[in-house]
Amino acid sequence: MRLVIRQALLLSFKDTRLFFKDRFAMGFALLFPILFIVAFSLALGDLGPEDEQLRMAVATEEESGFSREVIDVLTVSDATGVDEWDPKDAGLALHEGRIPGYLLFPVDFTQRIFSGEGTEILVVTADGDPETEAVLGGLAHSIGGRIGTLSLAARGVTELEGLGSLDLVKLGQLGTAPPSIVFTTEQVGDVEPFNATNFTLPGYLTMFLFFAAALGAEAIARERQTQTLERLLSNGVRRSAIVAGKVLASIYRGLIQLAFLWALGIFAFSIDFGVSPVAVIAVSVLMAVASSAFGVMLASLVRTVKSASSAAVLASLTLAPLGGCWWPLFITPDWMQAIGRLTPHGWANDAFNKLMLFGAEGQDVLVHMAALLLFAAAFLAIAVVRFRTVSAN
Amino acid sequence: MARMEDFLAATGLTKSFDSVQVVDSVSFTVRSQEIFGLLGPNGAGKTTTIRMLSTVLDPDDGDVTIGGHLVAKESDAVRKLIGVCPQELALYPELSAIDNLVFFGRMAGLSGSEAKESAADVLERVGLTDRAKDAVRKYSGGMKRRVNIAIALMSRPQLLFLDEPTVGIDPQSRNHIFDTVLALRDEGMTVLYTTHYMEEADRLCDRIAIMDEGRIIALGTPAELKAQVGDADTTTLEEVFLSLTGRSLRD
């Protein structure tokens, strides 16, 4: 047993050394996934940690009056996203690009309302910024409508009480058909938008972990062809040590891949491991074991280098979409989710989604971990039974 | 029955792949400290025979004894006595020559220091000490072949299997390999050498077995084999070979 462990370790260290000398293999395992992660994160949503909340600026030229009361209401809480600016400062800030635009209440805003002449709220934006104009226009429209509704209510009250000191009929004319828009803001804590990388990174990590391990089958087939495995056998190396060494080397490579891509996800894409980071790591390690066993199993089933390459590509590109690497399984129909369960990818991705998107705890993915372990055991059993050291030539 | 001076004795070796009989009842002995040549056209069964002799393949039938150990029952003991240089370049081109040697030495059971010491010795023997730290992929074909042989020498074997060790190399490298093999024999090593270069077999081998279609069809010293088809002084081994195996293509 000691001999087998020694031989397996020596073999796995040598293979790991060869991995670091092989630029293509390194690039494929570590850099290629990044391209996919970035591209699909950009396509699916925000890459950054948090969306910037749009701040709206309002300013009034009145010292007191109706506009002042409106602004007081709008700025009572930071959650409304409205800031009061001095009119001159607001103009300067817009000019310097510090704010995209602002609402301006004119100096005679209140007086014109009470005189029944009608008034206006100015929407001031930079040229060619329709988004800001639409947002501020919507706010102005809402304020106008609200004032109109209030004026109608005030007229009713005045008529009932026989008060006629104010020309509330004219005041009411401002909002004869107001769009009754009411702003309701529900504050539920710091709002963090969906970070698409929380899905894309585990998905592509799973795909490329299995892909790289599957391509390892090609290297094993090549060793069989060049008779290095045969030479090892005649050197006294046990067949079981060769299988174990190949699996171990693949696990090391997988762990390097995991460490690199998870670290990248944390530091560059602000991904969130959820409430149980330990479970995310445990699932990752089990996935590395399962993918390594899968790669060696593949090597044991093929005869030539070419067939190993073809099998690796075919298996990887079939299992990845079925297993939810390209899209979340939970958005797919039941029958597709059932098929996903037949792949290790499916269990791994489902576990990552639960942990990283839905706040699941470690115990919620114990079944997933057991499934990955079963897959690893099954792949390994086939690899041990079928592994050949001699080419068929 | 193996004689005392026979280091290797193969009896009735038989092997089939997918119902094709590749080796058919092959029997021969290799004496201690001789260079025994196994000649034959492509597909004659030479490599399969070596695989069975070197514990890599189990024969369907027959026995092999090496150094007094039955291969089928004492493969571990046999593996300590043998070194194998396969027909392919069975090495890691991305590693240096010394790293290849140390790796295979350690896999054969040597400690780190023993492997380094042995690597230095064999590198000197094959004339690659100066290039020891270069990646093997940068070597010429002849140098790669010499590394391939050097790896087989790492565990200081008593019986060396060389399976077509000079394929595709220049005359200088080939000559160097000949000198190395002869020197090893003179130092007491037994060598089983397969080739289809007749002049190579004629120059190196003490005895030769000619294989064709999985069977041994002739066995003897080069002079004895030449005498079978003509005058031993004027007949070439190639004439013997073609006379025994025919002129039809075998690929």
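Rules behind the numbers
Residues numbered from 1 in each chain as written. Chains lettered and ligands numbered in written order. Predicted model: local features only at pLDDT ≥ 70, side-chain atom pairs only at ≥ 80, totals over all residues. Heavy atoms only, no water. Helix = DSSP H or I, 4+ residues; strand = E, 2+ residues; numbered from the N terminus. Buried < 20%, exposed > 50% of the residue type's maximum accessible area, 1.4 Å probe, protein only. Contact = heavy atoms within 4.5 Å. Areas by Shrake-Rupley, 256 points an atom, 1.4 Å probe, with all protein chains shown as cover. Phe/Tyr/Trp six-rings, centres within 6.5 Å; stacked < 30°, edge-to-face > 60°. Lys NZ or Arg CZ within 6 Å of the ring centre and 35° of its normal. Pairing = 2+ DSSP bridges. Right-handed = clockwise from strand over helix to strand, strands pointing away.

What is the right way to read the overall build of chain A from this model?
Tallying secondary structure elements over chain A gives 15 helices and 4 strands in all. Taking all 393 residues of chain A together, 47% fall into the buried category. Put simply, 75% of the contacts in chain A that link residues at least 6 apart link residues at least 24 apart. Roughly 19,100 Å² of accessible area belongs to chain A as shown, and the carbon and sulfur atoms make up 63% of that amount.

I keep staring at the packing of aromatic side chains and nothing clicks. Help me out?
Two aromatic rings are characterised by how far apart their centres lie and by the angle between their planes. In total, this model carries 25 aromatic pairs over all chains according to the counting rule given. With 5.0 Å between their ring centres and 70° between their planes, Phe330 of chain A and Phe358 of chain A make a pair best called edge-to-face. Highlighted residues: Phe330 of chain A in the loop between helix H12 (305-322) and helix H13 (334-340) and Phe358 of chain A in the loop between helix H14 (344-357) and helix H15 (366-386), separated in sequence by 28 residues. Residue Phe330 of chain A is classed as partly exposed on the basis of its relative accessible area of 37%. Members of the aromatic cluster, each reached through a chain of ring pairs, are Phe24, Phe28, Phe32, Phe36, Phe40, Tyr204, Phe208 and Phe211 of chain A. In this arrangement the basic side chain of Arg231 of chain A is found over the ring face of Phe104 of chain B, its NZ or CZ atom lying 5.7 Å from the centre. Lying across the ring of Trp347 of chain A, Arg341 of chain A places its NZ or CZ 5.1 Å from the centre.

In this structure, what is going on with the pairing of strand S3 (residues 101-105) of chain A? I would like to understand it.
The side chains of a regular strand alternate between both faces of the sheet. Residues and elements named next belong to chain A. The buried fraction of S3 amounts to 5 of the 5 residues, a majority that puts the element mostly inside the structure. The two faces of S3 match: Gly101, Leu103 and Phe105 on one face and Tyr102 and Leu104 on the other face are all buried. Where S3 and strand S4 (residues 122-125) come together, 4 bridges link them in antiparallel fashion. Within S4, the residue paired with Tyr102 across the bridge is Val124.

Would you mind going over the pairing of strand S8 (residues 190-195) of chain B with me for this structure?
Residue and element names in this part refer to chain B. With 6 of 6 residues buried, S8 lies mostly within the body of the structure. Because side chains alternate across S8, one face comprises the buried residues Thr190, Leu192 and Thr194, and the other comprises Val191, Tyr193 and Thr195, equally buried. With 5 bridges connecting them, strand S3 (residues 35-39) and S8 associate as parallel partners. Across the sheet, residue Leu38 finds its bridge partner in S8, namely Thr194. Both strand S7 (residues 159-163) and S8 contribute to a ladder of 5 bridges, which runs parallel. Bridging from a neighbouring strand, Leu160 pairs with Val191 of S8. In this fold, the crossover linking S7 to S8 by way of helix H6 (residues 171-186) has right-handed handedness.

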